[in-house]
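What the coordinates show
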Amino acid sequence: HIYEELIDIEPENAGAHGGLATTNIIPLWVGWEDDPLQALEKAIKYTQRCLVLDDTSAYGHALMGMLHLVQQHWEEAIKEGERSVTLSPNSADFLVLYAITLKSVGRVNKALSLIEKAIRLNPIPPEWYLHELATNYRIKGQYDEAISILKKNLDRNPDYLMSHVNLTATYG
């Protein structure tokens, strides 16, 4: 991995440790990891190192929030998500990551407002923003809105698997 090479060159680079954590979190999050426990342990290790090197890293706190979320440590996930958006209030990615946590604990209206703010900050949002926006609308029972967003998302990227799954769940 490029992050491992960067850490070899610059071992105190917090962002590189965060990047390496991300390479373990994403497959863990989407269920593509053959050994989820090992991926979780690695992600925790690299995220903790990121935060030891820079405890003001919004990236590190966002990652830690996601790690707490996958472990169902709800209060810790909320605390880390809040910390990440406090440190970097105009990061659209961190707003959506925090919204995922809020959605998971039933705070859908707050999650929607954060995703909408993220889309204002990043008006050509990546597919995962729109997927999360639609998920929140589906949870609220606003199925037509969710379907419209998911169809637009799939028009942009017909191969975005999670929106196909979400659309099926919305029609279901």
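All values reported here derive from a predicted model rather than from experimental measurement.

For the rest of this paragraph, the subject is the environment of E145. Relative to the helices and strands, E145 resides in helix α9 (residues 143–156). Between the C-alpha atoms of E145 and L28, which are 117 residues apart in sequence, the distance is 29 Å.

If a probe as big as a water molecule is rolled over the atoms, it shows which places are left empty. Approximately 810 Å³ is the volume attributed to the largest pocket. Lining the largest pocket are 26 residues, and of these I26, W29, V30, I100 and W128 sit closest to its centre. Partitioning the lining of the largest pocket into residue classes produces 18 nonpolar, four polar and four charged.

This part covers the packing of α9 against helix α10 (residues 161–171). In a packed pair of helices, the relevant descriptors are the angle between the two axes and the axis-to-axis distance. At their nearest, the axes of α9 and α10 sit 10 Å apart, and the two run at 155 degrees to each other. In terms of their interaxial angle, α9 and α10 are classed as roughly antiparallel. Between α9 and α10 lies a crossing whose hand is left-handed. Facing Y143, A146, I147, L150, K151, N153 and L154 of α9, the residues of α10 in contact are S163, H164, N166, L167, T170 and Y171. For the contact of α9 with α10, the residue count by class is seven nonpolar, five polar and one charged.

The rules we used
- Residues numbered from 1 in each chain as written.
- Predicted model: local features only at pLDDT ≥ 70, side-chain atom pairs only at ≥ 80, totals over all residues.
- Heavy atoms only, no water.
- Helix = DSSP H or I, 4+ residues; strand = E, 2+ residues; numbered from the N terminus.
- 1 Å grid on protein atoms, 1.4 Å probe; cavity = no way out; pocket = protein on both sides within 12 Å on 5 of 7 lines; lining within 4 Å.
- Points joined across faces, edges and corners; volume = space filled by probe spheres on them.
- Nonpolar A, V, L, I, M, F, W, Y, C, P; charged D, E, K, R; others polar.
- Axes fitted to C-alpha atoms, helices over the stretch in contact; angles between N-to-C directions.
- Parallel < 35°, antiparallel > 145°, perpendicular 65-115°, else oblique.
- Left-handed = near helix turned anticlockwise from the far one by under 90°.
- Contact = heavy atoms within 4.5 Å.

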